[in-house]
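Residue strings, one per chain:
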Amino acid sequence: MGKKVIRISLSEKDIDRAIKELEQYKQEIIRKTELLRTKVAERIANLAQSGFNGAVVDDLTNESGGAKTAEVQVSIDERENVSIVIAAGEDAVWVEFGAGVYHNGSAGSSPHPKGSELGFTIGGYGEGMGKRQTWGFYEDGELRLTHGTPAIMPMYNALKTVCDEIAGIAKEVFG
């Protein structure tokens, strides 16, 4: 969808034709803009879901061994002129921002570029547990130990990737 040139003469019929052509062009731009929004949201959602899939949220587990992986579902909420990418699940914040100093640096810092700004700093949640190398908690009557969760940043990384790809996506949509 390149530059549109409309040539008209100064007759009523030709002006009416030009107005009709402009309206069709406007509708095509609106349709393609909505398609671009949808494609961008789908790309972000797919990349983010891939980042959440298999992300380890607990690397030291109970006596049965094995690491606990994230349970996060990424979806798109389509609203009027807006597509919202949502990561839902009890592990979403932990995987995105990380928890504990073992994987993520010193307490009070954040490996996530938006962590401090949004109030997600290491040790900022709970009672200072982020300052310890490991800590324990009971789940289903069993003591579990954890090093915390490394900051994987699937949403942030998906957004960064799509920002790098946006020109190509727009070219694909608009031609």
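To continue, consider helix H1 (residues 12-52). With 41 residues, H1 should reach 60 Å at 1.5 Å per residue; the first-to-last C-alpha distance of 60 Å fits that figure. Within H1 the residues assigned to the buried category are Asp14, Ala18, Lys32, Leu36, Val40, Ala41, Ile44, Ala45, Ala48 and Phe52. Contact partners of the buried residues in H1: strand S3 (73-79), strand S4 (82-88), helix H2 (92-97) and helix H5 (154-174). The first or second residue beyond H1 is glycine 54, which carries a positive phi of 80°.

Below, the discussion takes up the packing of aromatic side chains. For the coordinates displayed, the defined rule picks out one aromatic pair. The interplanar angle of 20° and the centroid separation of 4.4 Å between the aromatic rings of phenylalanine 97 and phenylalanine 120 together place this pair among those described as stacked. Here the residue phenylalanine 97 occupies a position in helix H2, and phenylalanine 120 occupies one in the loop between helix H4 (115-118) and strand S5 (135-139), the gap between them amounting to 23 residues.

So, about the pairing of strand S6 (residues 142-146). Look at any regular strand and the pattern is simple: side chains alternate between the two faces of the sheet. Pairing of S5 with S6 involves five bridges; the strand directions are antiparallel. Bridge pairing in S6 links glycine 136 to leucine 145. In textbook terms, the turn of a hairpin is the stretch between consecutive antiparallel strands, and for S5 and S6 this stretch comprises two residues, one of which, aspartate 140, has a positive phi near 55°.

Turning next to a nonpolar patch on the surface. On the surface, Ile8, Leu10, Ile15 and Ile19 cluster together to form a nonpolar patch covering roughly 420 Å² of accessible area. Among the structural elements, isoleucine 19 can be located in helix H1. Here isoleucine 19 falls in the exposed class, since its relative accessible area comes to 52%.

Averaged over every residue, the pLDDT of the chain is 86; residues scoring 70 or more account for 92%. The least confident element of the chain is S5, whose mean pLDDT is 75; the most confident is H5, at 96.

Another point: the pairing of S3. Direction of pairing for S3 relative to S4: antiparallel, over a ladder of seven bridges. Opposite isoleucine 76, over in S4, you have valine 85 as the bridge partner. If you look at the hairpin formed by S3 and S4, you'll find two residues sitting between the two strands, and asparagine 81 has a positive phi there, around 60°.

Attention shifts here to the packing of H1 against H5. One can describe the packing of H1 onto H5 by two numbers: an axis separation of 9 Å at closest approach and a directional angle of 145°. The element H1 and its partner H5 pack so that their crossing is right-handed.

Tracing the backbone shows asparagine 104 in helix H3 (residues 101-104). In terms of polar contacts, asparagine 104 uses its side chain to reach the backbone carbonyl oxygen of threonine 149, at 2.8 Å. Reaching out from asparagine 104, the side chain makes a polar contact with the backbone nitrogen of alanine 151 at a distance of 2.9 Å. Leaving out residues up to four positions away in the same chain, asparagine 104 has contacts with Gly98, Ala99, Ser109, Pro111, Ile122, Thr149, Pro150 and Ala151.

Criteria and cut-off values
- Residues numbered from 1 in each chain as written.
- Predicted model: local features only at pLDDT ≥ 70, side-chain atom pairs only at ≥ 80, totals over all residues.
- Heavy atoms only, no water.
- Helix = DSSP H or I, 4+ residues; strand = E, 2+ residues; numbered from the N terminus.
- Expected span 1.5 Å × (residues − 1).
- Buried < 20%, exposed > 50% of the residue type's maximum accessible area, 1.4 Å probe, protein only.
- Contact = heavy atoms within 4.5 Å.
- Phe/Tyr/Trp six-rings, centres within 6.5 Å; stacked < 30°, edge-to-face > 60°.
- Pairing = 2+ DSSP bridges.
- Patch = residues over 30% accessible without salt bridge, like charges linked within 9 Å, V, L, I, M, F, W, Y side chains within 5 Å.
- Areas by Shrake-Rupley, 256 points an atom, 1.4 Å probe, with all protein chains shown as cover.
- Salt bridge = Lys/Arg side-chain N within 4 Å of Asp/Glu carboxyl O.
- pLDDT = per-residue confidence, 0-100.
- Axes fitted to C-alpha atoms, helices over the stretch in contact; angles between N-to-C directions.
- Left-handed = near helix turned anticlockwise from the far one by under 90°.
- Polar contact = N/O pair within 3.5 Å; in protein donor to acceptor, adjacent residues only side chain to side chain.

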